[in-house]
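# Fold and geometry: a report
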Amino acid sequence: LSNYKEHYEAMRERRGYGKANLLDGVKSDDHDITRLQRNLKDRFLIEESILQFTDDEIRQVIDFFTTRVWDGVQAATSSFEVSGEEGHSNLLRQCIARRRMHWLSKILRA
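Residues numbered from 1 in each chain as written. Predicted model: local features only at pLDDT ≥ 70, side-chain atom pairs only at ≥ 80, totals over all residues. Heavy atoms only, no water.

### Remarks on the overall build of the protein
Selection criterion: For the purposes of this entry, the term helix denotes a DSSP run of H or I that reaches at least four residues, the term strand denotes a run of E that reaches at least two, and both are numbered from the N terminus. Burial classes follow relative accessibility: with a 1.4 Å probe on protein chains only, a residue under 20% of its type's maximum area counts as buried, one over 50% as exposed, and anything between as partly exposed. We call two residues in contact when some of their heavy atoms are within 4.5 Å. Residue burial considers only the protein chains on display, and all accessible areas are found by Shrake-Rupley using a 1.4 Å probe.
Helix and strand content of the protein: five helices and zero strands. What you see in the protein, going N to C, is helices and strands ordered as α-α-α-α-α. Burial status across the protein gives 20% buried among its 110 residues. Put simply, 36% of the contacts in the protein that link residues at least 6 apart link residues at least 24 apart. Total accessible area computed for the protein in this model is approximately 8700 Å², and 53% of it derives from carbon and sulfur atoms.

### A look at the environment of N39
Selection rule: Pairs of N or O atoms are called polar contacts if they sit within 3.5 Å, as long as, within protein, a hydrogen donor faces a hydrogen acceptor (for residues adjacent in sequence, only side-chain-to-side-chain pairs).
Secondary-structure assignment places N39 in helix α3 (residues 32-50). Sequence spacing of N39 and D29 is 10 residues, and the spatial spacing of their C-alpha atoms is 9.6 Å. A distance of 3.0 Å separates polar atoms of two side chains, one belonging to N39 and the other to R14.

### As for the pattern of salt bridges
Rules: Every case where a carboxyl oxygen of Asp or Glu lies within 4 Å of a side-chain nitrogen of Lys or Arg is listed as a salt bridge.
Evaluated as defined, the whole model comprises six salt bridges. Notably, a salt bridge pairs R14 with D42, separated by 2.9 Å at the nearest N-O pair. Residue R14 is found in helix α1 (residues 5-15), and its partner D42 is found in helix α3; the two are separated by 28 residues along the sequence. We classify R14 as buried; its relative accessible area is 18%. We note a salt bridge from D29 to R38, for which the minimum N-O separation is 2.8 Å. Comparing D29 with R38, the two get one shared label, buried. Through salt bridges with shared partners, one network takes in R14, D29, R38 and D42.

### Structural notes on a nonpolar patch on the surface
This is how it is decided: Like-charged residues within 9 Å of one another, or nonpolar side chains (Val, Leu, Ile, Met, Phe, Trp, Tyr) within 5 Å, are grouped into patches, provided each residue has over 30% relative accessible area and no salt bridge.
Taken together, the side chains of Y8, M11 and Y17 present a nonpolar region at the surface, about 270 Å² in accessible area. Tracing the backbone through its elements, the reader meets M11 in helix α1. Overall, the relative accessible area of 35% leaves M11 in the partly exposed class.

### Digging into the layout of surface pockets
Rule in force here: Lining residues are defined by having an atom within 4 Å of a point belonging to a cavity or pocket. Those points lie on a 1 Å grid over the protein atoms alone, cavities being sets where a 1.4 Å probe fits but cannot get out and pockets being open sets with protein on both sides within 12 Å along at least five of seven lines. Grid points are joined across faces, edges and corners, and a volume is the space filled by probe spheres set on the points. Note on residue classes: Ala, Val, Leu, Ile, Met, Phe, Trp, Tyr, Cys and Pro are nonpolar, Asp, Glu, Lys and Arg are charged, and everything else, Gly too, is polar.
When its volume is computed, the largest pocket comes out at roughly 600 Å³. Of all the secondary structure elements, the ones that give two or more residues to the lining of the largest pocket are α3 and α5 (91-109). For the lining of the largest pocket, the element with the most residues is α5, which contributes seven residues. Per-class residue counts for the lining of the largest pocket are seven nonpolar, one polar and six charged. What the second largest pocket holds in volume is close to 290 Å³. As for the second largest pocket, its lining consists of E6, H7, A10, E13, R14, R38, K41, D42 and L45. For the lining of the second largest pocket, the secondary-structure elements that each account for two or more residues are α1 and α3. In terms of residues, the lining of the second largest pocket owes the most to one element, α1, which gives five residues. Grouping the constituent residues of the lining of the second largest pocket by class yields two nonpolar, one polar and six charged.

Next up, the structure:
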């Protein structure tokens, strides 16, 4: 097995073929409880980081999300609302992105 550093290995574990999956029986994100535990751990780490940001860093994050992320997500989900397309393949992902941005906005306002 190769050592792909900490961050890439975490992604491999989420997909089910990391070292911990193979050697220690850790489950992939296909297992709902395991996925939820990983997501909550990630969320707490993000909250911890944001709480240490300076005002300037918070402005930079808000600017990034506004210009690089929000516009695309809003366009993707708004077009679905207008057209009423059924089975839009990215709708679920875009709705999850909207929910995550809402969560981030609440933290950044604090």
